[in-house]
There are 2 protein chains.
Amino acid sequence: MSLAYAFEDLREDGRDGLAEAMRRLGVRMTFAKDEEIYAQEDPTEFVYAVVTGGVRTIRLMSDGRRQIGEFYYPGEIFGLEPGPEHRYSAEALCDCEVLVLKRSALRAFADDEKLERAVWQATRRELERAQGHLLLLGRKTACEKVASFLADMAGRRGAEAVDLPMSRQDIADYLGLTIETVSRMLTQLQSSKIVEFASCRQFRIRNQGALSRLAA
Amino acid sequence: MSLAYAFEDLREDGRDGLAEAMRRLGVRMTFAKDEEIYAQEDPTEFVYAVVTGGVRTIRLMSDGRRQIGEFYYPGEIFGLEPGPEHRYSAEALCDCEVLVLKRSALRAFADDEKLERAVWQATRRELERAQGHLLLLGRKTACEKVASFLADMAGRRGAEAVDLPMSRQDIADYLGLTIETVSRMLTQLQSSKIVEFASCRQFRIRNQGALSRLAA
DNA sequence: CGATCGGTTGAGTCATCTCAACAGAGGTGG
DNA sequence: CCACCTCTGTTGAGATGACTCAACCGATCG
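Residue indices follow the written sequence of each chain, beginning from 1 at its first position. Chains and ligands are labelled by the order in which they are written, letters from A for the one and numbers from 1 for the other. The model is predicted, so local features are restricted to residues of pLDDT at least 70 and side-chain atom pairs to those at 80 or more, both for listing and for counting; the totals for chains, interfaces and linings are taken over all residues. With hydrogens and water excluded, all non-hydrogen atoms of the structure serve as input to the side-chain values.

Draft legend 1. Focus on the sheet that holds strand β11 (residues 202–205) of chain B. Residues and elements named next belong to chain B. In spatial order, the strands read β9-β11-β10; together these 3 strands make up an open sheet with antiparallel pairing. On the outer flanks of this sheet lie β9 (161–163) and β10 (195–199), each paired with one strand and no other. Averaged over all pairs of adjacent strands, the angle between strand axes in this sheet comes to 30 degrees, irrespective of strand direction. At least two bridges found by DSSP between two strands is the condition for calling them paired. Helical segments are the DSSP runs of H or I of at least four residues, strand segments are the runs of E of at least two, and each set is numbered from the N terminus. Strand direction decides the pairing type here: β10 and β11, joined by 4 bridges, are antiparallel. What sits directly across from Val195, in β11, is Ile205. All axes here are fitted lines through C-alpha atoms, helices being fitted over the stretch that makes contact, and every angle between N-to-C directions spans 0 to 180 degrees.

Quick look at the structure:
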């Protein structure tokens with residue numbers, strides 16, 4: 001676990017009233033790697049914020065095919081699904097800490113309007129991401145998908161060296177590919193000197209322009 | 001244009017405060033087939049409701065690849081994108097009538113809370129659909145995609161005979177396929193007596209169970 | 001030190017795409 | 001009213017990107 005996934009990130013997102021409230025009111029819980037945080041079909045009773053580690057949301061088909069909805073990093077809110085029941089489950093990418101808050105508590109909390117706005121904000125961000133992901137899944141090639149993924153992760157983490165807390169299987173299920181294809185594309189991007197992997201879970205962008213162009 | 005796309009549909013959706021407000025306050029506009037209603041990158045200044053006809057939202061890549069975000073039928077709200085700018089453009093599927101309302105007018109309108117809730121509701125519905133579509137685009141086969149599409153359209157239109165106001169190209173760009181593949185899958189579903197096409201724009205479900213099973 | 005797990009690489013297959021021909025519906029003008 | 005054209009959709013044949021299956025490799029762990 002690198003320091004990059006530290007609690008500090010949460011504090012930096014000062015504009016976000018929801019994260020603020022989460023920090024003050026939420027209950028801190030820890031989850032082991034691959035542990036389920038909530039299940040598909042669970043009532044959408046809580047809101048969550050990542051403190052350390054990372055989280056994935058997952059939807060399963062009856063035959064085991066898996067689609068990952070989104071990855072969440074420290075400071076990010078998740079579990080804000082619209083319906084009364086979760087359609088995606090959430091699992092810990094690695095050992096992690098999460099703040100949990102009852103949705104009803106949000107309503108009861110003072111400074112109500114600001115909080116409502118914050119939930120609204122987070123929901124909008126979710127929608128925006130999902131809409132962007134539609135284009136990726138529907139129309140991009142394997143290479144473009146992987147390039148987009150790396151660019152996106154680098155953008156969200158900011159740092160020079162970017163850690164990937166998720167496995168190749170997770171990446172594949174996020175991009176609608178197989179692990180083998182993901183691996184091949186990563187090798188390809190590396191041999192064209194666009195990115196460089198220090199280990200299989202950490203990389204650095206060597207040619208931002210080329211990466212953005214591929215991400216299309 | 002069949003009667004199925006009539007204004008009456010809007011009235012039936014009585015629970016929906018937003019549609020109600022749109023009807024009272026919105027400006028009615030007509031658009032010709034394939035005309036643009038708003039463009040990618042336009043500011044998200046208005047909310048829209050379909051009265052008659054149908055609408056598609058579209059995202060284009062620089063090389064012309066196209067992803068359709070959603071189709072909208074009479075009584076449905078669209079244009080509710082989260083950011084300050086549209087990331088999808090909207091076009092008329094066929095000649096159609098649309099109600100247009102300034103977002104700022106929504107805020108000024110009496111019975112404010114109810115309206116806010118309605119916008120909230122519609123946004124949630126958008127998110128739900130987008131999340132469902134992720135699984136379809138990422139993990140379903142061509143056959144499953146087409147079956148899901150037909151089942152979904154039938155479900156939304158309710159009627160026995162279902163009209164498809166969109167072209168094969170639209171369907172293909174919605175499902176992340178090519179027109180040829182869509183056409184082949186439709187032929188296949190028809191020869192297995194799961195659906196029946198009266199014309200290429202109108203069908204009827206002959207075996208609901210089999211269709212749902214395929215839609216997975 | 002062997003076993004296991006996650007990741008990479010290779011070879012062959014298959015679903016979907018591409019390219020091309022064709023068919024039918026609808027519109028237009030003579 | 002017919003001949004023609006265009007546009008949309010269907011069908012066929014061959015190409016290909018991504019998948020499947022299998023071997024291998026290195027790191028981690030008991």
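On we go.
Draft legend 2. Examining the relation of the copies chain B and chain A more closely. By a simple turn and slide, chain B fits onto chain A: the slide is 0.0 Å along the axis, the RMSD is 0.0 Å, and the turn is 180 degrees. The transformation just described matches what one would write down for a two-fold rotation axis. Of the residues that chain B buries at the interface, 100% are likewise interface residues in chain A, meaning the two copies contact each other through the same surface. When the copies are overlaid, the least-squares fit takes in C-alpha atoms only where the residue has pLDDT of at least 70 in both copies. For this analysis, residues touch if any pair of their heavy atoms sits within 4.5 Å.

Draft legend 3. Structural detail: the protein's contact with DNA strand C. What surrounds DNA strand C is a group of 16 residues, the closest being Arg168, Ser183 and Thr187 of chain A together with Ala142 and Thr181 of chain B. Contacts to DNA strand C include Arg201 of chain A, whose side-chain N or O atom sits 3.0 Å from a phosphate oxygen. For this analysis, a polar contact is any N or O atom pair within 3.5 Å, provided that within protein one partner can donate a hydrogen and the other can accept it, and provided that sequence-adjacent residues contribute only side-chain to side-chain pairs. At a separation of 2.9 Å, a base oxygen of DNA strand C approaches a polar side-chain atom of Arg184 of chain B. For the surface near DNA strand C, the secondary structure elements donating two or more residues are α7 (179–191) of chain A together with α7 (179–191) of chain B. Sorting elements by how many residues they give to the surface near DNA strand C places α7 of chain A first, with 4 residues. Definition of nearness: a residue and a molecule or strand are near each other if at least one heavy atom of the residue lies within 4 Å of the molecule or strand.

Draft legend 4. The arrangement of the packing of aromatic side chains in detail. Each pair of aromatic rings taken from Phe, Tyr and Trp, with Trp reduced to its six-membered ring, is defined by centres within 6.5 Å and is described as stacked if the planes are under 30 degrees apart, edge-to-face if over 60, and tilted in the remaining cases. All chains considered together, the criterion is met by 19 aromatic pairs over all chains. Aromatic side chains Phe71 of chain B and Phe149 of chain B sit 6.3 Å apart centroid to centroid with 65 degrees between the ring planes, which places their arrangement in the edge-to-face category. With Phe71 of chain B in strand β5 (residues 66–72) and Phe149 of chain B in helix α5 (residues 142–157), this pair connects stretches of sequence that are 78 residues apart. Burial classification: accessible surface area is computed with a 1.4 Å probe over protein chains only, and a residue below 20% of its type maximum counts as buried, one above 50% as exposed, and the rest as partly exposed. By relative accessible area, which is 3% here, Phe149 of chain B ends up buried. Aromatic ring contacts, followed pair by pair, group Tyr38, Phe46, Tyr48, Tyr72 and Phe78 of chain A into a single cluster. Charges are assigned to positions over rings by a cutoff of 6 Å between ring centre and Lys NZ or Arg CZ, combined with an angular limit of 35 degrees from the ring normal. The cationic tip of Arg157 of chain A hangs over the ring face of Tyr73 of chain A; the distance from NZ or CZ to the ring centre is 4.5 Å.

Draft legend 5. Local environment of the interface of chain B and chain A. Taken residue by residue, the interface counts 36 residues in chain B and 36 residues in chain A. Overall, the association of chain B and chain A removes approximately 3400 Å² of surface from exposure, summing both partners, and the carbon and sulfur fraction of that is 64%. When two parts are put together, the accessible area they lose, computed with a 1.4 Å probe and summed over both, is reported as buried area. A per-residue breakdown of the area chain B buries against chain A is headed by Pro82, Leu134 and Arg139 of chain B, which together make up 23% of the total. Any carboxyl oxygen of Asp or Glu that lies within 4 Å of a side-chain nitrogen of Lys or Arg is treated as forming a salt bridge with it. Our enumeration of links across chain B and chain A arrives at 6 salt bridges. For Glu144 of chain A, the salt bridge is made with Arg65 of chain B, and the minimal N-O distance between the two is 2.7 Å. For the pair chain B and chain A, the interface holds 16 residue pairs in polar contact (both at pLDDT 80 or more). For the side of chain B that touches chain A, the secondary-structure elements that each account for two or more residues are β5, α4 (112–139) and α6 (168–175) of chain B. Considering each element in turn, the side of chain B that touches chain A owes the most residues, 16 residues, to α4 of chain B. Gly is put with the polar residues, along with every residue not named as nonpolar or charged; the nonpolar set is Ala, Val, Leu, Ile, Met, Phe, Trp, Tyr, Cys and Pro, and the charged set is Asp, Glu, Lys and Arg. Considering only residue class, the side of chain B that touches chain A consists of 14 nonpolar, 10 polar and 12 charged.

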